Amino acid sequence: MVFHEIGIIECVAVSWFYGLDRFCGDIEHMTGGQPHIYWRICWKFVSPILITVVLIASLVKMLIKAPMYPAFVGCEKFPVSDQFAGSENWVEKVPYPDWSRFIASIMVALPIIPIPVMAIKNWKKPVRPIVHPDEA
C-alpha cells in the first residue's frame, strides 16, 4: 500500500507541481526528443487516477474483510485451547487482532508522513536550481 501512496505523490509532484512541460523539456534535453502525447496524458491524468482507484479499492477491501492467518488449533479430539474446538486439518483461518492491524497501519503510514509534512513546511520557499546555467 505504501507504493500506491508514493506513486500518487510522485505522479502529482512531477506532473502538477514541477510541471509536465518542464519535465518533458528535461527529457528532451537528456534524450534529444520530446515524449509522445500518450505519455504526457498518462503521467498527468491516467496514472494518478488509476493508482488512486487501486489504493481506495485495497483500503475498502481491507476494511470490509479483516486479513486472516492460518492458526494451529489442534485436532478435533485434542484441541489446543478452549477458545478453538480443533479441526480436521488442525488449522483454522483466524483474523489478526486489532492491535496488530493498528501497528501495521502505523508502519504503512510512517514512510509517507514526511512527504506532506516537508511539502507544507517548504510551501512558500523559492525553489533554487541545483545547477546554474552559467556553471554548465
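These remarks concern the structure in this document. Remember, it's a predicted structure, so these values are computed and weren't measured experimentally.

Bringing helix 2 (residues 37-64) into the picture now. Between its first and last C-alpha atoms helix 2 spans 39 Å; for 28 residues at 1.5 Å apiece the expected length is 40 Å, and the two agree. When the local axis directions of helix 2 are compared, the greatest deviation, roughly 50 degrees, occurs at Trp43.

Here we take up the packing of aromatic side chains. For the coordinates displayed, the defined rule picks out five aromatic pairs. Between Trp16 and Phe45, the ring centres sit 5.9 Å apart and the planes meet at 80 degrees, which makes this aromatic pair edge-to-face. Here the residue Trp16 occupies a position in helix 1 (residues 2-31), and Phe45 occupies one in helix 2, the gap between them amounting to 29 residues. Taking relative accessible area as the criterion, Phe45 reaches 42% and is therefore assigned partly exposed.

A word on the pattern of salt bridges. Following the criterion strictly, the structure yields two salt bridges and no others. Of the charged contacts, one joins Arg40 and Asp21 as a salt bridge, the two residues approaching to 3.7 Å between their closest N and O atoms. You can see Arg40 sitting in helix 2 and its partner Asp21 sitting in helix 1, a full 19 residues away along the chain. We classify Asp21 as exposed; its relative accessible area is 61%. With a closest N to O distance of 2.5 Å, Arg101 and Asp98 form a salt bridge. In this pair, Arg101 and Asp98 both sit in helix 3 (residues 98-109), three residues apart, roughly one turn of the helix.

Criteria and cut-off values
- The residue numbers shown here count from 1 along each chain, following its written sequence.
- Local features in this predicted model are restricted to residues of pLDDT 70 or higher, and side-chain atom pairs are both shown and tallied only at a pLDDT of 80 or more, whereas totals for entire chains, interfaces and linings draw on every residue.
- The side-chain quantities take in all heavy atoms of the structure and omit both hydrogens and water.
- Helix and strand assignments come from DSSP, with helices taken as H or I runs of at least 4 residues and strands as E runs of at least 2, each series counted from the N terminus.
- In this analysis, the expected span of each helix is defined as 1.5 Å times one less than the number of residues it contains.
- Bend at a residue means the angle formed by two fitted axes: the first through the 7 residues ending at that position, the second through the 7 residues beginning there.
- Side-chain rings of Phe, Tyr and Trp (the six-membered ring for Trp) are treated as a pair once their centres are within 6.5 Å; stacked means planes under 30 degrees apart, edge-to-face means over 60, and tilted covers the remaining angles.
- Accessible area is worked out with a 1.4 Å probe on protein chains only. A residue is then buried under 20% of its type maximum, exposed over 50%, and partly exposed in between.
- We define a salt bridge as a side-chain nitrogen of Lys or Arg found within 4 Å of a carboxyl oxygen belonging to Asp or Glu.

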